[in-house]
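Residue-level structure breakdown
The chain contents come next:
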Amino acid sequence: MESMIQNLPQLAPYQPAFFWLLVLCLVLLVQSFLAGALGLGKGDEVPGVPLKGTHRDASFRILRTYANSIENFSVFVATAFLAILAGVGVAAVNWLVGLHVVLRIVYWAIYYRGIGKVAGGPRTITYVAAFLMNLILAVLTAYAMIT
């Protein structure tokens with residue numbers, strides 16, 4: 001069976017972006033498992049209710065990281081696909097998608113480990129940097145759509 005990329009050769013140059021989107025999906029699946037096993041496994045937190053821990057608690061950080069990932073996933077994936085459909089430059093899309101995913105992975109690692117201050121530290125810096133990659137991609141997409 002041929003893939004859509006094989007049937008639509010104009011998508012082939014965006015294959016690195018598709019690869020990074022797959023990496024993001026796989027990381028979210030791992031995070032989902034870790035949220036259940038490590039975030040809820042000890043019984044410190046209860047599914048479906050507001051978290052009661054603090055940033056000092058690993059279970060709290062794991063569940064907050066997963067929730068943050070889910071909150072950011074849909075808008076990022078939508079922006080990436082819209083950028084490809086709008087014909088945003090291949091290099092820009094591939095780099096911005098790749099950098100966003102790498103920055104998100106770094107963000108998750110920092111948050112899981114509890115490195116730095118709760119606000120304004122390395123976690124905030126990586127979050128904002130990943131956010132900016134998505135924002136730049138959205139602006140480039142809007143520009144491509146109106147020109």
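Thresholds, definitions, all that
Residues numbered from 1 in each chain as written. Predicted model: local features only at pLDDT ≥ 70, side-chain atom pairs only at ≥ 80, totals over all residues. Heavy atoms only, no water. Helix = DSSP H or I, 4+ residues; strand = E, 2+ residues; numbered from the N terminus. Buried < 20%, exposed > 50% of the residue type's maximum accessible area, 1.4 Å probe, protein only. Contact = heavy atoms within 4.5 Å. Patch = residues over 30% accessible without salt bridge, like charges linked within 9 Å, V, L, I, M, F, W, Y side chains within 5 Å. Areas by Shrake-Rupley, 256 points an atom, 1.4 Å probe, with all protein chains shown as cover. Salt bridge = Lys/Arg side-chain N within 4 Å of Asp/Glu carboxyl O. Core = buried A, V, L, I, M, F, W, Y, C linked by side-chain atoms within 4.5 Å. Phe/Tyr/Trp six-rings, centres within 6.5 Å; stacked < 30°, edge-to-face > 60°. Expected span 1.5 Å × (residues − 1). Bend = angle between axes of the 7 residues up to and from the residue. Axes fitted to C-alpha atoms, helices over the stretch in contact; angles between N-to-C directions. Parallel < 35°, antiparallel > 145°, perpendicular 65-115°, else oblique. Left-handed = near helix turned anticlockwise from the far one by under 90°. Nonpolar A, V, L, I, M, F, W, Y, C, P; charged D, E, K, R; others polar.

It is worth spelling out the overall build of the chain at this point. For the chain, the helix and strand inventory stands at 5 helices and 0 strands. Considered along the principal axes of its C-alpha atoms, the chain spans approximately 50 × 40 × 20 Å. Looking at the chain residue by residue over its 147 residues, the buried ones come to 34%. Within the chain, contacts between residues at least 6 apart in sequence are counted, and of these 70% link residues at least 24 apart.

There is a patch of nonpolar side chains on the surface, built from Val128, Phe131, Leu132, Leu135, Ile136, Val139 and Leu140 and spanning about 550 Å² of accessible area. Residue position: Leu140 is located in helix 5 (residues 122-146). Judged by relative accessible area, which is 31%, Leu140 ranks as partly exposed.

Right, let's get into the nonpolar core. In this structure, Phe18, Leu21, Phe76, Ile84, Val93, Val97 and Leu137 are the most contacted members of the largest nonpolar core, which totals 24 residues. Of all the secondary-structure elements, those providing two or more residues to this core are helix 2 (15-40), helix 3 (58-86), helix 4 (90-113) and helix 5. Per-element tally for this core: the top contributor is helix 4, with 8 residues. Setting aside residues no more than four positions away along its own chain, Phe76 makes contact with Leu21, Leu24, Val97, His100, Val101 and Asn134.

This part is about the packing of aromatic side chains. Overall, the coordinates contain 4 aromatic pairs when judged by the stated rule. A ring pair is formed by Phe19 and Trp20, whose centres lie 5.5 Å apart and whose planes are at 70 degrees; its orientation type is edge-to-face. Through a chain of ring-to-ring contacts, the aromatic side chains of Tyr107, Tyr111 and Tyr127 assemble into a single cluster.

For the rest of this paragraph, the subject is the side chain of Asn134. Tracing the chain through its elements places Asn134 in helix 5. With a relative accessible area of 10%, Asn134 lands in the buried category.

Before going further, it helps to spend a moment on helix 3. In this model, helix 3 (29 residues) spans 41 Å end to end at C-alpha, consistent with the 42 Å of a helix rising 1.5 Å per residue. Of all the bends in helix 3, the greatest measures close to 30 degrees and is centred on Phe73.

The next point concerns the packing of helix 4 against helix 5. Helix 5 packs onto helix 4 with a crossing angle of 160 degrees between their chain directions and a minimal axis gap of 8 Å. In terms of axis orientation, helix 4 runs roughly antiparallel to helix 5. Where helix 4 crosses over helix 5, the two elements pack in a sense that is left-handed. Contacts from Ala92, Val93, Leu96, Val97, Leu99, His100, Leu103, Arg104, Val106, Tyr107, Ile110 and Tyr111 in helix 4 reach Pro122, Arg123, Thr126, Tyr127, Ala129, Ala130, Met133, Asn134, Ile136, Leu137 and Leu140 in helix 5. Broken down by class, the residue content of the contact of helix 4 with helix 5 amounts to 18 nonpolar, 3 polar and 2 charged.

The subject of this paragraph is the environment of Leu137. Structurally, Leu137 is set in helix 5. The sequence separation of Leu137 and Val101 amounts to 36 residues, and the corresponding C-alpha distance is 13 Å. Not counting residues within four places of it along the chain, the set of residues in contact with Leu137 comprises Thr79, Ala80, Ala83, Val93, Leu96 and Val97.

Let us now look at the environment of Trp95. Along the polypeptide, Trp95 turns up in helix 4. For the pair Trp95 and Tyr143, spaced 48 residues apart in the sequence, the C-alpha separation amounts to 18 Å.

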